[in-house]
Amino acid sequence: MPGAAGPFLPRSRDRPEERRRRVAPLAAVPPAGEEEPLLRGIFEIGKRSCDVVLSARRLRWSPIVPESPAGDSSTALQVKEEIIEMKDVFSVKVKRRRFVGQKKGGTLLGITVFKCLHKEENKLTDCAIHLNNFSEDHCHSWFSCLKEILNGFQNRPKSLKVFVNPSSHKREATHIYYEQVSPLFKLADIKTDVTVTEYEGHALSILKECELQAFDGVVCVGGDGFVSEVAHGLLLKAQIDAGKGTDFISAPVRAPVPLGVIPAGTTNILAYTLYGIKHVVTATLHIVMGHIQPVDACTFSTPSRLLRFGFSAMFGFGARTLALAEENRWMPSNQRKNFAFIKTLADLKTEKCELSFLPLQIPQEDSYENDRKKKGKNKKKGSKDQWHKIQGDFLNVSIMAIPCLCSMAPRGLAPNTRLNNGSMALIVVRNTSRTEFIKHLKRYAGVKNQFSFPFVETYTVQEVKVQPRIESGLDAEENTATEENYPWNIDGDLVEASEVHVRVHPQLINLYGVNTDDLESSKATCNCI
């Protein structure tokens, strides 16, 4: 039977000094700052016998190099040590050889460690490191120790509620989930409860009744509109569980579990903003690894009721484009959106409205942490005199609590805001010629400032009220439009309303992902205009 060190140790009748092997220098006593080794043993890695050391934070190994006859150790000293950070490992499995149809047992080959690997352009991928050893006892002790370390990462989910929208984009969401996402969840030993939605609002109705205590997170597979529905349902469920009314919510409670977004739509703004790229495996691994990012969210309300929770909204051009696209659902997705964009641009018109907003009363040079603390103090001192008003004819009004990155706007539709700085970007495009408006839209695709036009105004705000106005009589006195509803584009979902009040709520929800400030610059380009 192989010894505790494994079957790759040489067995010879020669004298011990003649069968010595020199191990590339792994310190017997860890240097200052290094952790005490938990296990040390011999495995075959990449067809070479290696001395492997496991600590709570690292897995490292070096090939075992035979000592030269002359006793020269220079070769061993040149051997490169390989290191894996345990925080990058998401799974470990016992590896066995089995016959076709064999479900259990099989010849032990060793253990396999699965690691999350960072690649270019913000991509993540998985890779496997095979540690071969035929000793059952040896592999069992290593497997148990590795599993114990992985179980110590508290943010990593063990159970997820998954919603899949089969109608998203090219109806690929179900295939994307079962072919790319589910195998990684299974590899990471994550239990899933999957619902493939059957109609619009299905996920929302389930979330209202769902016992979220049974799950570590919620995942949605779909486009922006579906993500908006699930995020709204998750936050609405939090208010219901807290005993709050859902008609008017001034101080909402936080979502109880994080939300994960798997991009399976056309634009995928939230996925781009969280991951810096539209890449299914990257999104899945952020969820598996438990990368959690607190994110600001907004409430969109009329004077009488809550419309929904969300992250961004557009009124005017952006909303009319979405409304026209929804009217032509019979078209293929990309064709429908291109048609709606060109048709709305050809029929370009303004909306007459009044905007009231509460500016963020905080110096921009302060750190974000100080921003949040000072913001709380300023709110207590706030008065009605802080509200500003502008009115006129507007081509588009954007209200965004997140940067809203996408392939058409690599820097974001609102590049000056952040995921969780407790503010919204209010971007107002006043009436101008079609040519100038197109120039403004084209700027989003590059690195130039898309707001450096005389007809574009930007504000950093805490609250916004949008009141469309109508003209009555020939001499046109303006009145607030109280009955007529207007289209709104809220996170890619079409909502109809008249007067809308938008409030930002700092860090209201946790999303699986990272801060976009920490990501590489996106190399996405736009050729749609």
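Residues numbered from 1 in each chain as written. Predicted model: local features only at pLDDT ≥ 70, side-chain atom pairs only at ≥ 80, totals over all residues. Heavy atoms only, no water.

### Side note on the environment of Val280
Tracing the sequence through the fold places Val280 in helix α7 (residues 280-288). Judged by relative accessible area, which is 11%, Val280 ranks as buried. When the C-alpha positions of Val280 and Val261 are compared, they lie 9.3 Å apart, and in sequence the two are 19 residues distant. With residues up to four places along the chain from it excluded, the contact list for Val280 reads Ile176, Gln180, Val181, Ile262 and Pro263. (Helix = DSSP H or I, 4+ residues; strand = E, 2+ residues; numbered from the N terminus. Buried < 20%, exposed > 50% of the residue type's maximum accessible area, 1.4 Å probe, protein only. Contact = heavy atoms within 4.5 Å.)

### Thoughts on the pattern of salt bridges
According to the stated counting rule, one finds 19 salt bridges in the structure shown. For Lys147, the salt bridge identified is with Asp189, shortest N-O distance 2.8 Å. One end of the pair, Lys147, is in helix α2 (residues 136-151); the other, Asp189, is in the loop between α3 (173-187) and β10 (191-196), and 42 residues separate them in sequence. Take Lys147: its relative accessible area is 23%, and that puts it in the partly exposed class. Of the residues examined, Asp189 reaches a relative accessible area of 35% and is grouped as partly exposed. Salt-bridge contacts for Arg329 lead to Glu326; the nearest nitrogen and oxygen are separated by 3.0 Å. Under the relative-accessibility criterion, Arg329 is labelled partly exposed at 48%. Salt bridges here are not isolated pairs; linked through shared partners, they connect Lys93, Lys147 and Asp189. (Salt bridge = Lys/Arg side-chain N within 4 Å of Asp/Glu carboxyl O.)

### A few points about the environment of Ala313
Inspection of the secondary structure assignment puts Ala313 in strand β15 (residues 312-316). Ala313 gets classed as buried once you look at its relative accessible area, which sits at 2%. Each C-alpha atom of the pair Ala313 and Met400 lies 6.3 Å from the other, and the pair is 87 residues apart in sequence. In this view, Ala313 contacts Phe300, Val397, Ser398, Ile399, Trp488, Asn489 and Ile490; residues no more than four positions away in its chain are not counted.

### Remarks on the nonpolar core
Core analysis: the largest hydrophobic core is formed by 87 residues, its most contacted members being Phe90, Phe185, Val230, Leu259, Ile262, Phe311 and Ile509. With 27 residues, the next largest nonpolar core counts Cys298, Ala313, Val397 and Val500 among its residues. (Core = buried A, V, L, I, M, F, W, Y, C linked by side-chain atoms within 4.5 Å.)

### A look at the confidence of the model for the protein chain
Atomic detail in the predicted coordinates should be set aside for any region of low pLDDT. Overall, the prediction assigns the protein chain a mean pLDDT of 83, with 81% of residues at 70 or greater. In this model residues 1-28 is a low-confidence stretch, pLDDT under 50, and it forms 53 contacts with partners more than four residues away in sequence or in other chains. Here residues 364-383 is modelled with pLDDT under 50, and outside its nearest four sequence neighbours on either side it reaches 19 contacts, counting other chains as well. (pLDDT = per-residue confidence, 0-100.)

### Some thoughts on helix α8 (residues 317-327)
Of all eleven residues that make up α8, nine are buried, and the element is covered over most of its length. Among all positions of α8, only Phe317, Gly318, Ala319, Arg320, Thr321, Leu322, Ala323, Leu324 and Ala325 are buried.

### Topic: helix α11 (residues 434-443)
Taken together, the buried positions of α11 are Phe437, His440 and Leu441. Take α11 and look down its axis: the buried residues cluster within an arc of 100°, on one side only. (Arc of directions from axis to C-beta.)

### Side note on unusual backbone geometry
You will see that Asp189, though not glycine, has its phi angle at about 60°, which is positive. Even without being glycine, Asn268 reaches a positive phi, approximately 55°. Topologically, Asn268 is positioned in the loop between β12 (259-263) and α6 (269-275). By relative accessible area, Asn268 is classed as buried at 2%.

### Description of the packing of aromatic side chains
Counted by the stated rule, this structure contains eleven aromatic pairs. Their ring planes at 85° and their centres at 5.8 Å tell us that Phe317 and Phe341 sit as a pair that is edge-to-face. Separated by 24 residues along the polypeptide, Phe317 in helix α8 and Phe341 in helix α9 (residues 333-346) bring together distant segments of the chain. Residue classification places Phe317 among the buried residues on the basis of a relative accessible area of 6%. An aromatic cluster is present here, built from Tyr177, Tyr178 and Phe185 joined pairwise through their rings. Here the guanidinium or amino end of Arg156 rests over the ring plane of Phe153, the centre of that ring lying 4.2 Å away. Taking the ring centre of Trp387 as reference, the NZ or CZ of Lys465 above it sits at 5.1 Å. (Phe/Tyr/Trp six-rings, centres within 6.5 Å; stacked < 30°, edge-to-face > 60°. Lys NZ or Arg CZ within 6 Å of the ring centre and 35° of its normal.)

### Some thoughts on the side chain of Asn133
Relative to the helices and strands, Asn133 resides in the loop between β8 (124-132) and α2. Looking at Asn133, the relative accessible area reads 0%, which means it is buried. A polar contact is formed between the side chain of Asn133 and the backbone oxygen of Ile42, at a distance of 2.8 Å. Engagement of the side chain of Asn133 in a polar contact is seen with the backbone nitrogen of Ser135, the distance being 2.9 Å. (Polar contact = N/O pair within 3.5 Å; in protein donor to acceptor, adjacent residues only side chain to side chain.)

### With respect to the packing of helix α4 (residues 202-209) against helix α5 (residues 224-241)
Across the interface, α4 lies against α5 with an axial gap of 8 Å and an inter-helix angle of 20°. In terms of their interaxial angle, α4 and α5 are classed as roughly parallel. With respect to the hand of their crossing, α4 and α5 are arranged in right-handed fashion. On α5, the residues touching His202, Ala203, Leu204, Leu207, Lys208 and Glu209 of α4 are Phe226, Glu229, Val230, His232, Gly233, Leu234, Leu236, Lys237 and Ile240. Across the contact of α4 with α5, the residue classes break down as eight nonpolar, three polar and four charged. (Axes fitted to C-alpha atoms, helices over the stretch in contact; angles between N-to-C directions. Parallel < 35°, antiparallel > 145°, perpendicular 65-115°, else oblique. Left-handed = near helix turned anticlockwise from the far one by under 90°. Nonpolar A, V, L, I, M, F, W, Y, C, P; charged D, E, K, R; others polar.)

### Examining the side chain of Glu463
Tracing the backbone shows Glu463 in strand β19 (residues 456-472). A polar atom in the side chain of Glu463 sits 2.7 Å from the side chain of His501. With sequence-adjacent residues up to four places away left out, Glu463 is seen in contact with Ser356, Phe357, Leu358, Trp387, Met424, His501, Val502 and Arg503.

### What to know about the pairing of strand β23 (residues 500-512)
With eleven of 13 residues buried, β23 is to be regarded as a mostly interior element. Bridge count between strand β13 (residues 292-301) and β23: nine bridges; the pairing is antiparallel. Across the sheet, the residue bridging to Ser301 is His501, located in β23. (Pairing = 2+ DSSP bridges.)

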